[in-house]
Amino acid sequence: MMRALLLALSARPALGRTMDRLPLTRRVVRRFVAGTELEDALAVIQRVHDGGLSTAVTYLGENVASEAQARAAAAAYLEILDQLKRRSLGCTPSLKLTHMGLDVSEAVCMDNMRRILDRARDHGNRVWIDMEQTAYTDRTLRVYAALRGEFPNVACVIQAYLRRSEADVRRLIELGAAVRLCKGAYREPLDRAFRTRAEVDRSYERLMDRLLSPEARAAGVYPGFATHDARLIARAAERARALGVPREGFEIQMLYGIRGDLHAGIRERELALRLLVPFGEEWYGYFMRRLAERPANAVFLLKNLFR
Ligand SMILES: Cc1cc2nc3c(=O)[nH]c(=O)nc-3n(C[C@H](O)[C@H](O)[C@H](O)COP(=O)(O)OP(=O)(O)OC[C@H]3O[C@@H](n4cnc5c(N)ncnc54)[C@H](O)[C@@H]3O)c2cc1C
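Here goes a summary of the coordinates provided.

## A short note on the overall build of the chain
In step 1: Helix and strand counts for the chain stand at 14 helices and eight strands.
In step 2: Over its C-alpha atoms the chain spans a radius of gyration of 18 Å, differing by no more than 12% from the 19 Å that the globule rule assigns to 307 residues.
In step 3: If one aligns the C-alpha atoms of the chain with their principal axes, the spans along those axes are about 55 × 45 × 40 Å.
In step 4: Buried residues in the chain amount to 53% of all 307 residues.
In step 5: Of the contacts formed within the chain by residues at least 6 apart in sequence, a portion of 75% connects residues at least 24 apart.
In step 6: Accessible surface computed for the chain: about 13,900 Å², of which carbon and sulfur atoms make up 52%.
In step 7: Positive and negative side-chain charges of the chain, numbering 50 and 38 respectively, have mean locations separated by a distance of 4 Å.

Here you go:
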């Protein structure tokens, strides 16, 4: 109920503009978002690298409505890549196709993606394409597959809560894709998505097994298990060991500001761990999805507001 409400509110940017004016909200937002400027993100990324972990970076934004906005977002990613190179930070961008203009046209989006992937390839970086609501799943996978033919450094995301994901993973294995597996962060109808936690977790386990399978490895698949679920992280480590997948054959991915208490244990297991560091003024949709994932976060925010 609370999750549904928060996800419905996440599509109301006007509320975000109001929240943005409240210093207290900004302070809570900072728990999940590195800051509004690239310099804020670079400082966090440097700190995380100094601590021995890898990173991904997201310049927050989604659903831009004009070609100019999409081009500006792409230009921001080119600047991010250049700054990362200048500082010798091997950090991978993770972006949304609706930020690159997918709502404007597939051609605009593809053009922006080509420029980013080209620059990232020169710098030796991979680029992850985030997965958004189901209205975009087909188009996202189509754009991914088209780009994959030209850019071996493009990676994609699969959401375990979607009923279709098993078939999508089968096709991605054929492409030898780098695939981030997450549970899924949006509100989807029951005919498309599993609803209960147990169903989503079972689906995650099935897809994990497929992505670690000898068939997937032979095809060149590189899985990233994106979750803060300690049980699933432990399971990934056990399955990988049982199947003889080496440490460099997969990674665990987590979000900045969430379950930092798990990092030490993951490193003790000698697993590769990547933290996704988001930044930017357009934090609202991202922040609301983080609140929806854990109602205690919303309670924390409300307590701060009324204090
Ligand atoms: C690196 C990364 C990239 C992602 N990319 C995408 C994407 O492209 N598309 C997409 O739909 N989703 C994406 N997600 C979000 C994902 O789908 C889930 O919504 C999110 O990770 C919560 O699920 P979980 O796997 O952590 O498991 P859960 O079962 O939700 O949580 C496990 C435990 O983690 C902790 N936890 C989880 N979320 C929070 C939170 N917000 N605040 C505090 N504690 C929390 C809690 O202790 C909880 O018990 C991404 C997640 C990560 C880590």
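The structure having been displayed, the exposition proceeds.
## With respect to the site of the ligand
In step 1: The ligand sits among 24 residues. The nearest are Lys-183, Gly-184, Thr-227, Glu-293 and Asn-297.
In step 2: Interatomic distance of 3.1 Å between a side-chain N/O atom of Arg-180 and a nitrogen atom of the ligand.
In step 3: Look at the ligand: alone it shows 930 Å² of surface, and the protein chains cover 89% of it.
In step 4: If you map the ligand onto the pockets, it falls in the largest pocket.
In step 5: At the level of elements, strand 4 (154-159), strand 5 (178-182), strand 7 (251-255) and helix 13 (284-293) are the ones that each hand at least two residues to the shell around the ligand.
In step 6: Broken down by element, the residue count for the shell around the ligand peaks at three residues, all from strand 7.
In step 7: Taken together, the residues of the shell around the ligand sort by class into nine nonpolar, six polar and nine charged.

## Details of the sheet that holds strand 7
In step 1: Reading around the barrel, the eight strands line up as 1-2-3-4-5-6-7-8 and close back on themselves, with parallel pairing between neighbours. Strand-to-strand twist in this sheet, taken as the mean axis angle between neighbours without regard to direction, amounts to 30 degrees.
In step 2: Most of the contacts of helix 9 (residues 197-212) go to strand 6 (residues 222-226), to which it runs at about 155 degrees, and overall it touches strand 4, strand 5 and strand 6.

## A look at the nonpolar core
In step 1: Within the largest apolar cluster, 75 residues are counted, with the highest numbers of intra-cluster contacts made by Met-100, Met-113, Ile-116, Leu-147, Leu-181, Phe-225 and Ile-252.
In step 2: The element best represented in this core is helix 5 (residues 67-86), accounting for seven residues.
In step 3: In this structure Met-100 touches Ala-70, Ala-73, Ala-74, Tyr-77, Leu-95, Val-108, Cys-109, Asn-112, Met-113 and Ile-116, once residues within four positions along its chain are discounted.
In step 4: Counting 21 residues, the second-largest nonpolar core is a separate cluster that includes Ile-258, Tyr-284, Met-288 and Ala-292.

## What about the packing of aromatic side chains?
In step 1: All chains considered together, the criterion is met by six aromatic pairs.
In step 2: Ring plane angle 35 degrees and centroid distance 5.3 Å describe the contact between Tyr-59 and Phe-279, whose orientation is recorded as tilted. Note that Tyr-59 is positioned in strand 1 (residues 54-59) and Phe-279 in strand 8 (residues 273-279), a separation of 220 residues in sequence.
In step 3: Taken together, the ring pairs connect Phe-32, Trp-283, Tyr-284 and Phe-287 into an aromatic cluster.
In step 4: The aromatic ring of Tyr-286 is capped on one face by Arg-290, whose charged end is 4.5 Å from the ring centroid.

## Structural notes on the layout of surface pockets
In step 1: Considering only enclosed or pocket space, the largest pocket measures out at about 1,400 Å³ in volume.
In step 2: Together, 48 residues line the largest pocket, and Lys-183, Gly-184, Ala-185, His-228 and Glu-293 are the ones closest to its centre.
In step 3: Counting residues per element, the lining of the largest pocket draws most heavily on helix 13, which supplies five residues.
In step 4: Considering only residue class, the lining of the largest pocket consists of 22 nonpolar, nine polar and 17 charged.

## With respect to the packing of helix 5 against helix 6 (residues 106-123)
In step 1: One way to put it is that helix 5 packs onto helix 6 with a least axis distance of 10 Å and a crossing angle of 5 degrees. It follows that helix 5 is roughly parallel to helix 6 by the angle criterion. Here helix 5 contributes Glu-67, Ala-70, Arg-71, Ala-74, Tyr-77, Leu-78, Leu-81, Asp-82 and Lys-85 to the contact with helix 6, which in turn contributes Val-108, Asp-111, Asn-112, Arg-115, Ile-116, Arg-119, Ala-120 and His-123.
In step 2: Of the residues belonging to the contact of helix 5 with helix 6, the class tally is eight nonpolar, two polar and seven charged.

Procedures and definitions
All chains use their own residue numbering, which begins from 1 and follows the written sequence. Under the rules for a predicted model, residues below a pLDDT of 70 receive no local features and side-chain atom pairs below 80 are neither given nor counted, while totals for whole chains, interfaces and linings still include all residues. In computing side-chain properties, one takes all heavy atoms of the structure into account and sets aside hydrogens as well as water. The secondary structure listing takes helices from DSSP runs of H or I that are at least 4 residues long and strands from runs of E that are at least 2 residues long, numbered from the N terminus. The size measure is the radius of gyration over C-alpha atoms, and the globule rule it meets is 2.2 Å times the number of residues to the 0.38 power. To sort residues, take the accessible area from a 1.4 Å probe on protein chains only and compare it with the maximum for the residue type: under 20% means buried, over 50% means exposed, and anything in between is partly exposed. The contact rule is simple, with two residues in contact once any of their heavy atoms fall within 4.5 Å. With residues, only the protein chains shown are counted as cover, and all accessible areas are computed by Shrake-Rupley using a 1.4 Å probe. Charge counting treats Lys and Arg as positive and Asp and Glu as negative, with His and both chain ends excluded. The atoms used to mark charge sites are NZ of Lys, CZ of Arg, CG of Asp and CD of Glu. Any residue with a heavy atom positioned within 4 Å of a molecule or strand is treated as near that molecule or strand. Two N or O atoms count as a polar contact when they lie within 3.5 Å, although within protein this holds only if one can serve as hydrogen donor and the other as acceptor, and sequence-adjacent residues are included solely when both atoms are side-chain atoms. Two kinds of site are reported from a 1 Å grid over the protein atoms alone, namely cavities, where a 1.4 Å probe fits but cannot get out, and pockets, open sets with protein on both sides within 12 Å along at least five of seven lines, and residues are called lining when an atom falls within 4 Å of a point. Cavities and pockets are treated as containing a molecule whenever more than half of the molecule's atoms lie within 2 Å of their grid points. When residues are grouped by polarity, Ala, Val, Leu, Ile, Met, Phe, Trp, Tyr, Cys and Pro land in nonpolar, Asp, Glu, Lys and Arg in charged, and all others, Gly among them, in polar. Here, strands pair whenever DSSP counts at least two bridges between them. Comment: axis = line fitted to C-alpha atoms, over the contacting stretch for helices; angle = value between 0 and 180 degrees taken between N-to-C directions. Residues belong to one nonpolar core when they are buried, are Ala, Val, Leu, Ile, Met, Phe, Trp, Tyr or Cys, and are joined through side-chain atoms within 4.5 Å. Any two of the Phe, Tyr and Trp rings considered here, Trp counted by its six-membered ring, make a pair once their centres fall within 6.5 Å; the pair's planes then place it as stacked at under 30 degrees, edge-to-face at over 60, or tilted in between. Any Lys NZ or Arg CZ found within 6 Å of a ring centre and within 35 degrees of that ring's normal is scored as a charge over the ring. Grid points are joined across faces, edges and corners, and a volume is the space filled by probe spheres set on the points. Just so you know how the angles are binned, under 35 degrees is roughly parallel, over 145 roughly antiparallel, 65 to 115 roughly perpendicular, and the rest oblique.

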